[in-house]
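# Working through the structure, step by step
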Amino acid sequence: MKELLRFSAVTLFPEMFETIKSEGVIAKAIKKNIIQLETVYLRDFADNIRKNVDDKPIGGGDGMVLRPDITEKAILSVKTDATFIINLTPSGKVFNNSIAKNIAKKSHVLLLCGRYAGYDARVIAKHAHLNLSIGDFVLSGGELPAMCFIDTVARFVPGVLGNQLSAELDSFENGLLEAPQYTHPENFSGMKAPDILFSGNHKKISDFTRKEQLKITAQNRPDLILEHWDSLSRQEKVLVEKIWKFS
Ligand SMILES: C[S@@+](CC[C@H](N)C(=O)[O-])C[C@H]1O[C@@H](n2cnc3c(N)ncnc32)[C@H](O)[C@@H]1O
């Protein structure tokens, strides 16, 4: 069994993490002692009575910047030789499942959750191993990105999901999006679930599912199809080209 994966989050809003600590997959994994999640309150390291942790940007500009000296004290309060430090920022590398799988093998991940204009660049240059963005949009703080990150990484830690196979069948795992899913009732609002799914014929169901995956990926994420183009069969390429031609 893999050793415990510990997440630490440097934040100005530690209470925000209570939601994932008390409910759902993360809460269960914490109870099972597979993962640990602690918050490091940045204001605890402030050196002034008002507990200010930010200051005006040097050179002018909008917003306040989180001070490097105070941030460093917060980092050093939990950092060990095994700590992998990630700065959450819209200007980072875009996060995905493949990054998540690699991080899931680590034993301690420290997440820097920014606010205002983010952290001073020097403390990031000195301590962070990776700058990570959760997508091409700007949120007002790094806490939601940190929780998205923790949830995604935890799914790849053995023992966190009841059935590890479910992560392997999810979107992106074979380079495609997941096929549409159906449950009972068979008929809903005049729409019947596809007949083939009732056939019990595993080969036919798996061929059907693969086609559905190709269709939805071609429609919504042509970039993924192009990335995996060489791994598609000739028939699959024809199907994709037809979808693109008529959409
Ligand atoms: C208002 S944002 C700062 C945005 C920064 N001025 C910029 O334009 O890149 C405040 C904090 O929210 C977090 N944040 C916002 N959007 C994010 C994203 N897409 N991915 C990761 N973190 C994000 C970061 O921690 C950031 O320091």
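Note that the structure is a prediction, hence the values are computed from the model and not measured. (Residues numbered from 1 in each chain as written. Predicted model: local features only at pLDDT ≥ 70, side-chain atom pairs only at ≥ 80, totals over all residues. Heavy atoms only, no water.)

## Considerations on the sheet that holds strand S2 (residues 35-41)
Taken together, the 5 strands give an open sheet; going across it, the order is S2-S1-S6-S5-S7, and neighbouring strands pair in parallel fashion. At either end of the open sheet lies a strand with only one pairing partner, and these are S2 and strand S7 (130-133). Across the sheet, the mean angle from the axis of one strand to that of its neighbour is 30 degrees, orientation sign disregarded. Each of strand S1 (5-11), S2, strand S5 (83-94), strand S6 (108-113) and S7 touches helix H6 (residues 143-154); the most contacted strand, S6, lies at about 155 degrees to it. (Pairing = 2+ DSSP bridges. Helix = DSSP H or I, 4+ residues; strand = E, 2+ residues; numbered from the N terminus. Axes fitted to C-alpha atoms, helices over the stretch in contact; angles between N-to-C directions. Contact = heavy atoms within 4.5 Å.)

## Examining helix H3 (residues 68-76)
Within the sequence span of H3, burial applies to Ile70, Thr71, Ala74 and Ile75. For H3, the arc enclosing every buried residue in end-on projection is 140 degrees, short of the 170-degree limit, so these residues lie on one face. (Buried < 20%, exposed > 50% of the residue type's maximum accessible area, 1.4 Å probe, protein only. Arc of directions from axis to C-beta.)

## Points about the environment of Glu173
Relative to the helices and strands, Glu173 is located in the loop between helix H7 (164-168) and strand S8 (187-188). Considered as a pair, Glu173 and Thr183 are 10 residues apart in the sequence and their alpha carbons are 22 Å apart. Among the polar contacts made by the side chain of Glu173, one reaches the side chain of Asn97 at a distance of 3.2 Å. (Polar contact = N/O pair within 3.5 Å; in protein donor to acceptor, adjacent residues only side chain to side chain.)

## Here we look at the domain arrangement of the chain
Each assigned domain of the chain is listed here: domain 1 (5-162) and domain 2 (187-246). A separation of 38 Å is found between the C-alpha centroids of domain 1 and domain 2. (Domains from an automatic or database assignment.)

## Focus on helix H2 (residues 24-31)
Buried residues of H2: Ile26, Ala27 and Ala29, and no others. In an axial view of H2, the angular spread of the buried residues amounts to 165 degrees, which keeps them on one side of the axis. In H2, those exposed residues whose orientation departs by more than 90 degrees from the buried face are Lys28 and Lys31. Elements in contact with the buried residues of H2: helix H1 (18-22), S2 and H6. In the stretch just after H2, Asn33 is the one whose phi turns positive, near 65 degrees.

## Description of the pattern of salt bridges
For the structure shown, the criterion picks out 14 salt bridges. Residue Asp207 is joined to Lys203 by a salt bridge in which the shortest nitrogen-to-oxygen separation is 2.7 Å. One end of the pair is Asp207 and the other is Lys203, both in helix H8 (residues 202-220) and 4 residues apart, which spans about a single turn. The exposure class of Asp207 is partly exposed, given its relative accessible area of 39%. Among the ionic pairs, Glu212 bridges to Lys215, the shortest N-O distance being 3.2 Å. In this pair, Glu212 and Lys215 are both assigned in helix H8, 3 residues apart and thus about one turn of the helix distant. Relative accessible area serves as the criterion here: at 33%, Lys215 is assigned to the partly exposed category. (Salt bridge = Lys/Arg side-chain N within 4 Å of Asp/Glu carboxyl O.)

## Digging into a nonpolar patch on the surface
A cluster of nonpolar side chains, contributed by Phe137, Leu139 and Leu144, occupies part of the molecular surface with about 270 Å² of accessible area. You can see Phe137 is positioned in the loop between S7 and H6. Residue Phe137 is classed as partly exposed on the basis of its relative accessible area of 45%. (Patch = residues over 30% accessible without salt bridge, like charges linked within 9 Å, V, L, I, M, F, W, Y side chains within 5 Å. Areas by Shrake-Rupley, 256 points an atom, 1.4 Å probe, with all protein chains shown as cover.)

## As for the site of the ligand
In the vicinity of the ligand there are 17 residues, among which Leu88, Gly114, Ile134, Phe137 and Leu139 approach most closely. Between the ligand and Leu88 there is a distance of 2.6 Å, counted from an oxygen atom to a backbone nitrogen or oxygen. Between Gly141 and the ligand, the recorded distance is 3.4 Å, taken from a backbone N or O atom to an oxygen atom. The protein chains hide 79% of the 580 Å² of surface that the ligand would expose on its own. For the shell around the ligand, the secondary-structure elements that each account for two or more residues are S5 and S7. A total of 3 residues in the shell around the ligand trace back to one element, the largest contributor, which is S5. (Near = heavy atom within 4 Å.)

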